[in-house]
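Secondary and tertiary structure notes
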Amino acid sequence: MRPDWDSYFLKIAYAVSERSTCDRALVGCVLVREKRILTTGFNGSPAGQEHCDEIGHLMVDGHCIRTIHAETNAIIQAALHGISTKGATCYVTHLPCINCTKALINAGIARIVYSVAYRTDENALNFLNAANIQVEKKEFSSEGFPPS
């Protein structure tokens, strides 16, 4: 049986998360418009810099600051390649943090589909609501998905 579009793109987000280099949270993101992938992103260090899985985490106030979050990386890839994200759907393994939420709002994202409510931030949810961004939690089934 073929998966519905949300399940399909969320599964791709999980595949993208396998490239994450910060093991505190293996997060993947896929930006999609009109059933076409625009860009992807995963948690990792800035280009050309060492990664957490190579030299360890750089912790400040309980957060690893060595890592750029998956959603931000997906937006950066769109900017780098001249791709508009206006009206796109963000498929992401984890509910976005407050900083990624603000970036997604300003990138014109219309909808967010996620699977894991990791460190839910009420301010982020309020911002998304105020921006009229549709947010949906969808269970991810690993059936048929390669083991990590």
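Throughout what follows, the structure given in this document is the object of discussion.

What about the pattern of salt bridges?
- Summed over the entire model, instances satisfying the criterion amount to 4 salt bridges.
- With a shortest N-O distance of 3.5 Å, K138 and D4 are connected by a salt bridge. Of this pair, K138 sits in the segment after β7 (134–137) while D4 sits in the segment before α1 (5–17); the two residues are 134 residues apart in sequence, bridging distant segments of the chain.
- K138 gets classed as partly exposed once you look at its relative accessible area, which sits at 22%.
- For the salt bridge of E136 with R111, the shortest nitrogen-to-oxygen distance reads 2.9 Å.

Brief notes about the environment of K102
- Note on placement: K102 falls in helix α4 (residues 98–106).
- Separated by 30 residues in sequence, K102 and T72 have C-alpha atoms that sit 9.9 Å apart.

Looking at helix α3 (residues 70–80)
- Burial in α3 covers these residues: A70, E71, N73, A74, I75 and A78.
- For α3, the secondary structure elements touched by its buried residues are β1 (28–33), β2 (36–42), β5 (89–94) and α4.
- Just past α3, the residue G82 takes up positive phi, approximately 70 degrees.

Some thoughts on the packing of α4 against helix α5 (residues 122–130)
- Where α4 meets α5, the axes come as close as 9 Å, and the angle between the chain directions of the two elements is 10 degrees. When the interaxial angle is binned, α4 and α5 end up roughly parallel. Here I98, T101, K102 and I105 of α4 lie close against α5, whose contacting residues are N123, A124, F127 and L128.
- Grouping the amino acids of the contact of α4 with α5 by side-chain chemistry returns 5 nonpolar, 2 polar and 1 charged.

Quick word on the pairing of β2
- Both β1 and β2 contribute to a ladder of 6 bridges, which runs antiparallel. Bridged to R33 within β2 is R36.
- Between β1 and β2, which pair antiparallel in sequence order, lie 2 residues; one of them, E34, sits at a positive phi of approximately 55 degrees.

Thoughts on the side chain of H94
- In this fold, H94 is placed in strand β5.
- At a separation of 2.7 Å, a polar atom in the side chain of H94 contacts the side chain of T93.
- Residues contacting H94, with those up to four places away along its chain left out, are L26, V27, E71, Y114, V116 and Y118.

Thresholds applied
- Residues numbered from 1 in each chain as written.
- Predicted model: local features only at pLDDT ≥ 70, side-chain atom pairs only at ≥ 80, totals over all residues.
- Heavy atoms only, no water.
- Salt bridge = Lys/Arg side-chain N within 4 Å of Asp/Glu carboxyl O.
- Helix = DSSP H or I, 4+ residues; strand = E, 2+ residues; numbered from the N terminus.
- Buried < 20%, exposed > 50% of the residue type's maximum accessible area, 1.4 Å probe, protein only.
- Contact = heavy atoms within 4.5 Å.
- Axes fitted to C-alpha atoms, helices over the stretch in contact; angles between N-to-C directions.
- Parallel < 35°, antiparallel > 145°, perpendicular 65-115°, else oblique.
- Nonpolar A, V, L, I, M, F, W, Y, C, P; charged D, E, K, R; others polar.
- Pairing = 2+ DSSP bridges.
- Polar contact = N/O pair within 3.5 Å; in protein donor to acceptor, adjacent residues only side chain to side chain.

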